[in-house]
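Here are the chains, one letter per residue:
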Amino acid sequence: MVRAVQDYRRKRVTVRFGSPLDSAVVAYQPRTRIPPLSATDRSLLSATIALSTTTAVQALVTMAALTVSVYAPQASRDIGIAPGYIGVYASLTYIAAMLGSLVSGGFILRYGAIRFSQVAMLLCALGLFVCIGAHWWWFVVSAFIFGLGYGPTTPASSYILSRHTPSRLWSLVFSIKQTGVPLGGVLAGLAVPWLLLSFSWQGVSVIIAAMTLAGACILQFWRRRFDIDVNASQPLVSGNVIGPLRLIFSRPGLRALALASFFFSASQQSYIYFLVTYLELGLNWSTRDAGFALSVLGLAAVAGRMLWGALADATGRSRGILGVIALAMSGAATATAAFSTASPAWGIYLVCAVFGATGAAWNGVYLAEITRSVAPREVGHATGGGLFVTFAGVVVAPPLFGLVSEAAGGFVTGYAIMAAVTMFVAVVLLVSRPVRPAGVTP
């Protein structure tokens, strides 16, 4: 009887400590009633919690990111700068986001995606707190801090979703998560102006920062559920700065995806940044009508993200779907370049909707395809490296688009170049084939 008990205990030890991953699971045995999970639990409950949590994080950090742009007119008067400098703030934020996304992989593997998301949200809140200094150089510091927090949230969410949602639904799942971006824009557009009626812009910064901190605290409820495959010996810096870029550019499939995302994000941001100005100055539209066109674009983006995600999962051809999206982007940009004062309003709204449903709806399919193209523990590094290239398009393209439009005396040339570039990207994506390492889910 004693020997039988010893054999039973010995078998339990073998099963529980048979691998480093099992050791990590045991090290994080929860003290709550939430049952321990495997590193890749994909039950309906886990998938639902993972998707809702990452979408909420995306919405919160996006709302926080757009807060400064919404109260920019009031803040600029107080600190004595032109409101147009908000573009500089946005550029500095994305430059820092590029750096933050690069180093995210190591932090995710060492501390867990939930913990790293909490740190990222803390940085976003700190960035807003810094703004209350009411001096232009505080806004420079704020942009850099905020970007370091904003950049890592997507690699962290990709890591969670890749482990706790069915791989056959990744395109749809990642696309739904990315709807947090327009949702965050809606929240900022509604909440910040309403708060400005009762508080100063400094007060609004404190309130939105507090909301972001509250979100980070709520994440703690799920940390023991999801951060169960951490590696305490994972290096944080060594190999985690250049490594993600080396991973992206050493594999032809990933390299093509990342470069395509550069042009996608460049086209998306340039189209959106200059649309209202183009309609007002080039077509003599009112600010109200031009703003409505931008709203149509945003609503179409939400629907488009889910549509393309579902279609990519149904067909299993994510890269081909991205190629089709690029073709539609090119067509919408061509039509936009052809706008004139004689163009019917409904036609312009339709073109804006087409671009929104394509040029602002590719993100989820792109992130899912990166996840499918790498081994599970490479997801954080690959997503961070890919986003470095993606954010570079956001930083570089809008100023270049503005310079080209200024030199050409209008926006037609800029939109025509956009159409040509996205057509080239479409051809590359449609003729290339994904190359996946052995053992990666196709």
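Worth saying up front: this structure is predicted, and the values here are computed from it rather than measured.

Visitor: How do you make sense of the overall build of the protein when you look at a structure like this?
Guide: Counting its regular elements, the protein contains 20 helices and 0 strands. For the protein, the proportion of its 442 residues judged to be buried stands at 51%. Relative to all contacts within the protein whose residues are 6 or more apart in sequence, the contacts with residues 24 or more apart total 83%. Surface exposure of the protein reaches about 19400 Å², of which carbon and sulfur atoms provide 70%.

Visitor: It is not clear to me how the packing of helix α6 (residues 113-131) against helix α11 (residues 201-218) should be interpreted in this structure. Could you clarify?
Guide: Think of two packed helices as two axes; the pair is described by the angle between the axes and how far apart they sit. At their nearest, the axes of α6 and α11 sit 8 Å apart, and the two run at 170° to each other. For the element pair α6 / α11, the angle class is roughly antiparallel. Along the contact surface, α6 presents Gln118, Met121, Leu122, Cys124, Ala125, Leu128, Phe129 and Cys131, while α11 presents Trp201, Ser205, Val206, Ile208, Ala209, Thr212, Leu213, Gly215 and Ala216. Tallied by class, the residues present in the contact of α6 with α11 amount to 13 nonpolar, 4 polar and no charged.

Visitor: Please explain the pattern of salt bridges as it appears in this structure.
Guide: A side chain with one charge may pair with a side chain of the opposite charge, provided their charged atoms come close. Tallied over the full model, the rule gives 4 salt bridges. Of the charged contacts in the structure, one is a salt bridge between Arg372 and Asp313, with a shortest N-O distance of 2.9 Å. Note that Arg372 is positioned in helix α18 (residues 363-372) and Asp313 in helix α15 (residues 287-315), a separation of 59 residues in sequence. A relative accessible area of 7% means that Arg372 is categorised as buried. Between Arg319 and Glu369 there is a salt bridge, with the nearest N and O atoms lying 3.8 Å from each other. Taken together, the residues Arg319 in helix α16 (residues 318-337) and Glu369 in helix α18 connect sequence positions 50 residues apart. Here Arg319 matches Glu369 in class, with each residue buried.

Visitor: Explain α15 here, please?
Guide: For an α-helix, the turn length of 3.6 residues means that residues three or four places apart are oriented alike. Taking 1.5 Å of rise per residue, the 29 residues of α15 would be expected to cover 42 Å, and the 41 Å separating its terminal C-alpha atoms lies within 8% of that figure. Inspection of α15 places Ala290, Ala293, Val296, Leu297, Ala300, Ala301, Gly304, Arg305, Trp308, Gly309, Ala312 and Asp313 among the buried residues, and these make up the whole buried set. Against α9 (170-178), α10 (180-196), α14 (252-283), α16, α17 (345-359) and α18 lie the buried residues of α15. Between a side-chain oxygen at the N-terminus of α15 and the backbone nitrogen of Asp289 the separation is 3.2 Å; the capping residue is Ser286. The positive-phi residue at the C-terminal boundary of α15 is Gly316, with phi of around 70°.

Visitor: How do you make sense of the nonpolar core when you look at a structure like this?
Guide: The tendency in soluble globular proteins is for nonpolar side chains to be buried as a group. By size, the foremost hydrophobic cluster in this structure holds 107 residues, and its most contacted members are Tyr71, Phe139, Tyr271, Leu279 and Tyr415. Top element by residues in this core is α14. It accounts for 11 residues. Setting aside its immediate chain neighbours within four residues, Tyr271 contacts Leu297, Thr336, Val351, Cys352, Phe355, Tyr415 and Met418.

Visitor: Would you mind showing me how to read the confidence of the model for the protein here?
Guide: Low-pLDDT portions of the prediction should not be read for the details of their coordinates. Looking at the protein as a whole, its pLDDT mean stands at 82, while 85% of the residues score no less than 70. With pLDDT under 50 throughout, residues 1-37 is counted as low confidence; its partners more than four residues away or in other chains account for 32 contacts.

Visitor: Hey, could you run me through empty space enclosed by the protein in this one?
Guide: One pass over the structure, following the stated rule, counts 2 cavities of 30 Å³ or more. As a volume, the largest cavity reaches approximately 60 Å³. Secondary structure elements with two or more residues in the lining of the largest cavity: α3 (44-70), α6 and α8 (153-164). Tallying contributions element by element places α3 first for the lining of the largest cavity, with 4 residues.

Visitor: Explanation requested: the packing of aromatic side chains in the structure shown.
Guide: Aromatic ring pairs are reported here in terms of the distance separating the ring centres and the angle at which the planes meet. In this structure the tally under the stated criterion is 22 aromatic pairs. Ring geometry for Trp137 against Trp138: centres 4.4 Å apart, planes inclined by 25°, an arrangement best described as stacked. Assessed through its relative accessible area of 39%, Trp137 is described here as partly exposed. With a centroid separation of 5.3 Å and 75° between ring planes, the pair formed by Tyr271 and Tyr415 is classed as edge-to-face. One end of the pair, Tyr271, is in helix α14; the other, Tyr415, is in helix α20 (residues 412-431), with 144 residues separating them in the sequence. As far as burial versus exposure is concerned, Tyr271 and Tyr415 are alike and both buried. Among the aromatic residues, those joined into a ring-pair cluster are Tyr271, Phe274, Tyr278, Phe339, Phe355, Phe401, Phe411 and Tyr415. Sitting above the plane of the Tyr159 ring, Arg163 keeps its charged end 3.7 Å from the centroid.

Visitor: I tried to follow the packing of α15 against α17 on my own but got confused; where do I start?
Guide: Close contact between α15 and α17 brings their axes to 6 Å; oriented N to C, the two are set at 40°. Classified by the angle between their axes, α15 and α17 sit oblique to one another. In terms of crossing hand, the pair formed by α15 and α17 is right-handed. Here Asp289, Phe292, Ala293, Val296, Leu297, Ala300, Ala301, Gly304 and Trp308 of α15 come into contact with α17, specifically with Tyr349, Cys352, Ala353, Phe355, Gly356, Ala357 and Thr358. Residue classes in the contact of α15 with α17 are distributed as 12 nonpolar, 3 polar and 1 charged.

Visitor: Help me understand the side chain of Arg223, please; the structure alone is not making it clear to me.
Guide: Position of Arg223 relative to the elements: it lies in helix α12 (residues 220-226). Within the structure, Arg223 has its side chain in polar contact with the backbone oxygen of Tyr111 (distance 3.0 Å).

Visitor: Which parts of the structure should I look at to understand a nonpolar patch on the surface?
Guide: Taken together, the side chains of Ile81, Trp136, Trp137, Trp138, Val140 and Val141 define a hydrophobic patch exposed on the protein surface, amounting to about 520 Å² of accessible area. Structurally, the position occupied by Val140 is in helix α7 (residues 136-150).

Visitor: Explain unusual backbone geometry to me, please; I cannot follow it from the model alone.
Guide: Most of the time, phi is negative for any residue but glycine, and the peptide bond is trans. A positive phi angle, close to 65°, is found at Asn284, a residue other than glycine. The topology assignment puts Asn284 in the loop between α14 and α15.

Calculation rules
- Residues numbered from 1 in each chain as written.
- Predicted model: local features only at pLDDT ≥ 70, side-chain atom pairs only at ≥ 80, totals over all residues.
- Heavy atoms only, no water.
- Helix = DSSP H or I, 4+ residues; strand = E, 2+ residues; numbered from the N terminus.
- Buried < 20%, exposed > 50% of the residue type's maximum accessible area, 1.4 Å probe, protein only.
- Contact = heavy atoms within 4.5 Å.
- Areas by Shrake-Rupley, 256 points an atom, 1.4 Å probe, with all protein chains shown as cover.
- Axes fitted to C-alpha atoms, helices over the stretch in contact; angles between N-to-C directions.
- Parallel < 35°, antiparallel > 145°, perpendicular 65-115°, else oblique.
- Nonpolar A, V, L, I, M, F, W, Y, C, P; charged D, E, K, R; others polar.
- Salt bridge = Lys/Arg side-chain N within 4 Å of Asp/Glu carboxyl O.
- Expected span 1.5 Å × (residues − 1).
- Polar contact = N/O pair within 3.5 Å; in protein donor to acceptor, adjacent residues only side chain to side chain.
- Core = buried A, V, L, I, M, F, W, Y, C linked by side-chain atoms within 4.5 Å.
- pLDDT = per-residue confidence, 0-100.
- 1 Å grid on protein atoms, 1.4 Å probe; cavity = no way out; pocket = protein on both sides within 12 Å on 5 of 7 lines; lining within 4 Å.
- Points joined across faces, edges and corners; volume = space filled by probe spheres on them.
- Phe/Tyr/Trp six-rings, centres within 6.5 Å; stacked < 30°, edge-to-face > 60°.
- Lys NZ or Arg CZ within 6 Å of the ring centre and 35° of its normal.
- Left-handed = near helix turned anticlockwise from the far one by under 90°.
- Patch = residues over 30% accessible without salt bridge, like charges linked within 9 Å, V, L, I, M, F, W, Y side chains within 5 Å.

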